[in-house]
Structures are given as structure tokens and as C-alpha cells.
Amino acid sequence: IAHAMLANALAQLMLSGIREPDDALRHEIQTHIKRALQLDGDNPSVIHQVVGPYSALGDYDTMLRLTRRAVELYPNAPLSHYILGYAYQNLGRCADAIAAFLQQDRLTPFDRGRYLGLANLGMCYLLEGQPAEAEAALDRSLALQPE
């Protein structure tokens, strides 16, 4: 998971503007992703960590393929459905993202990260023109994490 975390950290530096998104940085991110997946590519935590870097690199097809793989491997893991929803959301496929976030919510009544899925669910509902559902999901998210 260390290589996945490094790829994620480098992607965050790139997205924040701290590091220039040049070819060397992109190659370094891709190298860490590749190594992470070679070492532990069936681990949903590793997949979760590399979804962000793939998004930052604009490789949405690979991001979606990996998140689908996480759901296949661990269909009862809330994290698998969260990252699938995140991938769909990044691709602008909000209806698919809603289904994934709803599944995460069903699987995780006591998960500490549940509020993130609910917040993303609310945003997807809003983008799909369902303001009442969006407000309900965001209210549930804020109830779990008011800060």
C-alpha cells in the first residue's frame, strides 16, 4: 500500500499546484501505481488509493476498470462501492454513481467514512435534477460529520 499512497500523495501535489504536472512527475506517479498494483492489486484499499492518481492523470477508463474489479473482489465492502461511485461521478455518470453510493450506504450503517458517500450521493442527486433527494442525503451526511 506504500506505493499506492505515494502515487496518491504525488497526485495531490500535482493537483494542488505545488508540483508542476510535467512528464517526470506523471511517470513517477505511474511507476508507483504500477508497483502498488503488482504487489497487492486485489486489495480494495490499494485500489482506493490509486483511483485518485488515475483521475489526476485523466485515465478514467482504467480508474473505472479498477473500481469495478474492487466490487467484483469484495462485493460486501462499502469501500468498494464508494470508489466505484467516485469513479462514475468523475466520469459524469451520476445515475450509476447514485446506485453505487446507495449500495455503500446500505452496507455501512456504522462506517466512519459514510458521510463522504452521502455527500457525494447528494451532489449526484443534485446534478441529476433531484433536489429533494440531494438535500436529504446532504442532511444525513452533515448529521454524521457536522464539521
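Up top you'll find the structure we're talking about.
Residues numbered from 1 in each chain as written. Predicted model: local features only at pLDDT ≥ 70, side-chain atom pairs only at ≥ 80, totals over all residues. Heavy atoms only, no water.

Engineer: I'm lost on the packing of helix H1 (residues 2–16) against helix H3 (residues 44–57) in this one. Help?
Structural biologist: Their axes nearest at 8 Å, the elements H1 and H3 cross at an angle of 30 degrees. Considering the angle they form, H1 stands roughly parallel to H3. H1 and H3 meet at a crossing whose hand is left-handed. Contact with H1, carried on its side by Ala4, Met5, Ala7, Asn8, Ala11, Met14 and Leu15, involves Val46, Gln49, Val50, Pro53, Ala56 and Leu57 of H3 and no other residues of that element. For the contact of H1 with H3, the residue count by class is 11 nonpolar, 2 polar and no charged. (Axes fitted to C-alpha atoms, helices over the stretch in contact; angles between N-to-C directions. Helix = DSSP H or I, 4+ residues; strand = E, 2+ residues; numbered from the N terminus. Parallel < 35°, antiparallel > 145°, perpendicular 65-115°, else oblique. Left-handed = near helix turned anticlockwise from the far one by under 90°. Contact = heavy atoms within 4.5 Å. Nonpolar A, V, L, I, M, F, W, Y, C, P; charged D, E, K, R; others polar.)

Engineer: What should I look at first to understand the pattern of salt bridges in this one?
Structural biologist: In a structure, side chains of opposite charge can pair up when their charged atoms sit close to one another. Summed over the entire model, instances satisfying the criterion amount to 6 salt bridges. For the salt bridge of arginine 69 with glutamate 72, the shortest nitrogen-to-oxygen distance reads 3.9 Å. One end of the pair, arginine 69, and the other, glutamate 72, are both in helix H4 (residues 60–73), 3 residues apart, so they sit about a helical turn from each other. In this structure, arginine 114 engages aspartate 105 in a salt bridge whose closest nitrogen and oxygen atoms are separated by 2.6 Å. (Salt bridge = Lys/Arg side-chain N within 4 Å of Asp/Glu carboxyl O.)

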